Amino acid sequence: MQLSLAFIVEALGGTLRGNPALEIQGLAPLESAQSQHISFLSNPRYQAQLRATGAGCVIVAPALQDMAPTGVALIVADNPYLYFARLTQLWRQQQTRSRVPGIHPSAVVDPSAQVDATAFVGPLCVVEQGARIGPGTVLKSRVTVGEDCVIGARCILHAGVVIGADGFGFAPDGERWEKIEQLGAVRIGDDVEIGANTCIDRGALQDTVIEDGVKLDNLIQIGHNVRVGRNTAMAGCVGVAGSATIGEHCTIGGGAVVLGHLKIADGVNISAATVVTKSIAKPGHYTGVFPLDDNASWERNAATLKQLHTLRDRIKTLEKENKP
Amino acid sequence: MQLSLAFIVEALGGTLRGNPALEIQGLAPLESAQSQHISFLSNPRYQAQLRATGAGCVIVAPALQDMAPTGVALIVADNPYLYFARLTQLWRQQQTRSRVPGIHPSAVVDPSAQVDATAFVGPLCVVEQGARIGPGTVLKSRVTVGEDCVIGARCILHAGVVIGADGFGFAPDGERWEKIEQLGAVRIGDDVEIGANTCIDRGALQDTVIEDGVKLDNLIQIGHNVRVGRNTAMAGCVGVAGSATIGEHCTIGGGAVVLGHLKIADGVNISAATVVTKSIAKPGHYTGVFPLDDNASWERNAATLKQLHTLRDRIKTLEKENKP
Amino acid sequence: MQLSLAFIVEALGGTLRGNPALEIQGLAPLESAQSQHISFLSNPRYQAQLRATGAGCVIVAPALQDMAPTGVALIVADNPYLYFARLTQLWRQQQTRSRVPGIHPSAVVDPSAQVDATAFVGPLCVVEQGARIGPGTVLKSRVTVGEDCVIGARCILHAGVVIGADGFGFAPDGERWEKIEQLGAVRIGDDVEIGANTCIDRGALQDTVIEDGVKLDNLIQIGHNVRVGRNTAMAGCVGVAGSATIGEHCTIGGGAVVLGHLKIADGVNISAATVVTKSIAKPGHYTGVFPLDDNASWERNAATLKQLHTLRDRIKTLEKENKP
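Residues numbered from 1 in each chain as written. Chains lettered and ligands numbered in written order. Predicted model: local features only at pLDDT ≥ 70, side-chain atom pairs only at ≥ 80, totals over all residues. Heavy atoms only, no water.

Next up on the list: the relation of the copies chain C and chain A. Overlaying chain C with chain A gives an RMSD of 0.0 Å, the required rotation being 120° about an axis along which the chain moves by 0.0 Å. What the rotation and shift describe, once combined, is the action of a three-fold rotation axis. Within chain C, C:F290 has its C-alpha nearest the rotation axis, a separation of 3.5 Å. (Least-squares fit on C-alpha atoms with pLDDT ≥ 70 in both.)

Structure (structure tokens):
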């Protein structure tokens, strides 16, 4: 497959400086691109890579267009990274393999489920009673959408996703646990992407809600009654416990854990592997990770950490002694 | 769907104070319930919510029955939360959608597997050679039960569960790894619930064992040769490494990790995201989580943490100097 | 099933001290083995178990052969643990249940995919367009291998594995996220084993690469563009973020997290639940885990930890005051 620079600029805009007839055969990172490749530079810190690149064409911001070596074609665009994202989409669309909408014959779709005619339900998916799948939405393969759950428009659910398993709810009955049937469902907005083997549980009484534009990576657990605000993104292996409310435009790093019933404000960034143990009312960047060390140093410091409160008291005592 | 208060009390007991003919159309939390809803109050701390509720009926403990506003029907029960759990079950049962036992035609069940006639094997499940599924047990959808694994009675296995994948066992052979075939299986007791995409590995020589009444949430990993004691509950994303033994009536918070070959006593509660690095012989509540902070404060404290052992030595030195 | 000691030694080598006609009915750990069992001792620390064992036969190193009680047959081998691993394989092979190569009729394999005639594609697997499965490789059940992904020879992919879901890539476009189509694939070498429900994402522009001999446990997330070096092993629930490069012969403990774009050298061992926040250039053992404590002690120490930087300053002040 190849696309000419003229075709690309015609489709995506931007100002071309170079030969419009040049045929591009692939996208590649700046440092490994060759003359048949197109690349991009979004971060001015990598200008040196631009000067040394072997790419046939580079997408650059206006301010950087004069840094490119002569002989390299340029597409000048205000936001090169966004332009690059759209170019990956253009590339994918031009590949001959287009996905025909419809329900794969191996999928098991309950007759009472409503699947939009423009949606795609892939091989070996399960869509249960009363579920609804919106227009343009793609269930890749082996996805389960449980009873009465609703998926909006233009969503992508990757392989192994489970929407609408029972939330984890039990009432203690002496030593044993009595199941609380989960009578709510899951409501997912438009333009949501959900990574492979991620699970979103149905609510206990009301619905678990994922708002428009949310992006969830693989192997994430979203407990019952959670609400995830618009355009929030979570990296892989995050766990969000039941009844947590997460604001809009948040980012949550991989492996982070959000405890139950907490509220996280809009615009909060949580570092990877951080445990959120209390509500966060203000936007900002929050972290809680034990620093990596060589094992021997870690052992010494970790052992001392268990006496930290005592150390504080000893410092207090020293301070008192030093006061005349 | 609606149920009268008379029907509910007839089915579940409790003392009704109010109109037995009142029809209930749904269950709702105290703070959002309306006149067609039934709610419950289990925690006396939320008495104010009871006074302000718009619910048509509230399940309350005897001690709180006089706190309710007039005009609200009450079901007085010794344990309102347990009563509520049973009500969710009654509600679910009354919904017209009843699950007919049997094996979904899309499931792949080996002829040598034994599935009880009252069990349900859902769409696209795999039940391998020699596996046994007990009475009343439900495999929701896309569940794999591996060779020779045994699931007891009245269990629920949610979508994507994998029972009996190989435990992670390899003997080093110079630079490469030689596979240790996992010759044991998995034995799961009665009344066990297992969340979506959770994995329980088969034992190396003997069986991995999950005792009666255990409740596991989603995306949990249980390694080979592990034993989980009766009525223990684990929240999502927990990892239990091989050959660990976990007692009865324990709770393990979401994202916690239990290292291999450890023993945890009965009645131990592990906080979410805690790493259990040594055996625990006494019941109690155990924690090990780096506290959340704004990122700038965390950076300062984390950097200092790597010198903690040195700080201790400096305190010692100061103490010696201060001794006359 | 039973195998004679003569048969075992004929197949696997080693020196037999005992009755070659003795029939072995199973493999068992040293402490629970009975006279019909074979066991092994690889760690000299467990010599006492050898002296007390009820096993019919024990595999031992030459140096330990005189510690065994009389009446116990011995197979003397240089590396008893490796010998034991091979014995588990012999045992498995002798079980009547042999896996016939081929594609299970319930699997969905695209006509353009290439599945070697000696490979096994189990029930309800999905193999997408252009994917290739090498000789002797086994896809257990409910495995997805995405478009154009390549799996080498003699690999084992356990139930629920997802190879080649889209990497997590989005360009910010104001408040919303624009998808970066993932145009790379996944390349997996020979002799790789991948645990249940583990996910390996396809690369953004180039391929995600898993080299020969890598062993991955269950519920692991490997992000896009990652490279995992030869014979590296990762325990359950590990998360490796995008574009990380992990060396050869590394071990990564369960629940550990490796951040994106990092480089880890060959021969690095990461402790369980450790967060790798920076590149590691030297082989060695690295750890970063908050130590477990009873909850009350943890609360005190965790609170003090947030003042750690201040405590350091107070120590500095004390030191200055103490200088004459």
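All names here are of chain C. With parallel pairing, nine strands are arranged side by side in an open sheet as β9-β12-β15-β18-β23-β26-β29-β32-β35. On the outer flanks of this sheet lie β9 (108–109) and β35 (275–276), each paired with one strand and no other. The pairing of strand β32 (residues 257–258) with β35 spans two bridges and is parallel. Within β35, the position partnered with V257 by the bridge is V275. (Pairing = 2+ DSSP bridges. Helix = DSSP H or I, 4+ residues; strand = E, 2+ residues; numbered from the N terminus.)

Further remarks concern the interface of chain C and chain A. Of the residues lining the interface, 72 residues belong to chain C; the matching set on chain A comes to 66 residues. Both faces combined, the contact of chain C with chain A buries some 5800 Å², and carbon together with sulfur accounts for 61% of it. Seen at the junction of chain C and chain A, the total is six salt bridges. Salt-bridge contacts for A:E319 lead to C:R314; the nearest nitrogen and oxygen are separated by 2.8 Å. At the junction of chain C with chain A, the criterion picks out 31 residue pairs in polar contact (both at pLDDT 80 or more). Secondary structure elements with two or more residues in the side of chain C that touches chain A: β18 (162–165), β19 (170–173), β20 (176–179), β23 (199–201), β35, β36 (284–287), α4 (295–305) and α5 (308–322) of chain C. Residue composition of the side of chain C that touches chain A, by class: 34 nonpolar, 20 polar and 18 charged. Where strand β37 (residues 293–294) of chain A and β36(C) come together, two bridges link them in antiparallel fashion. What sits directly across from A:D293, in β36(C), is C:T287. (Contact = heavy atoms within 4.5 Å. Buried area = accessible area lost by both parts, 1.4 Å probe. Salt bridge = Lys/Arg side-chain N within 4 Å of Asp/Glu carboxyl O. Polar contact = N/O pair within 3.5 Å; in protein donor to acceptor, adjacent residues only side chain to side chain. Nonpolar A, V, L, I, M, F, W, Y, C, P; charged D, E, K, R; others polar.)

On the chain A side, the residues contacting the 66 residues of chain B number 73 residues. Our count for the contact surface shared by chain B and chain A stands at six salt bridges. The partner of B:R86 in a salt bridge is A:E178, and the shortest N-O contact between them spans 3.5 Å. At the boundary of chain B and chain A, one finds 32 residue pairs in polar contact (both at pLDDT 80 or more). Of all the secondary-structure elements, those providing two or more residues to the side of chain B that touches chain A are α3 (80–94), β25 (215–216), β28 (233–234), β37 (293–294), α4 (295–305) and α5 (308–322) of chain B.

So far we have only geometry, and geometry alone does not tell us how the molecule works.
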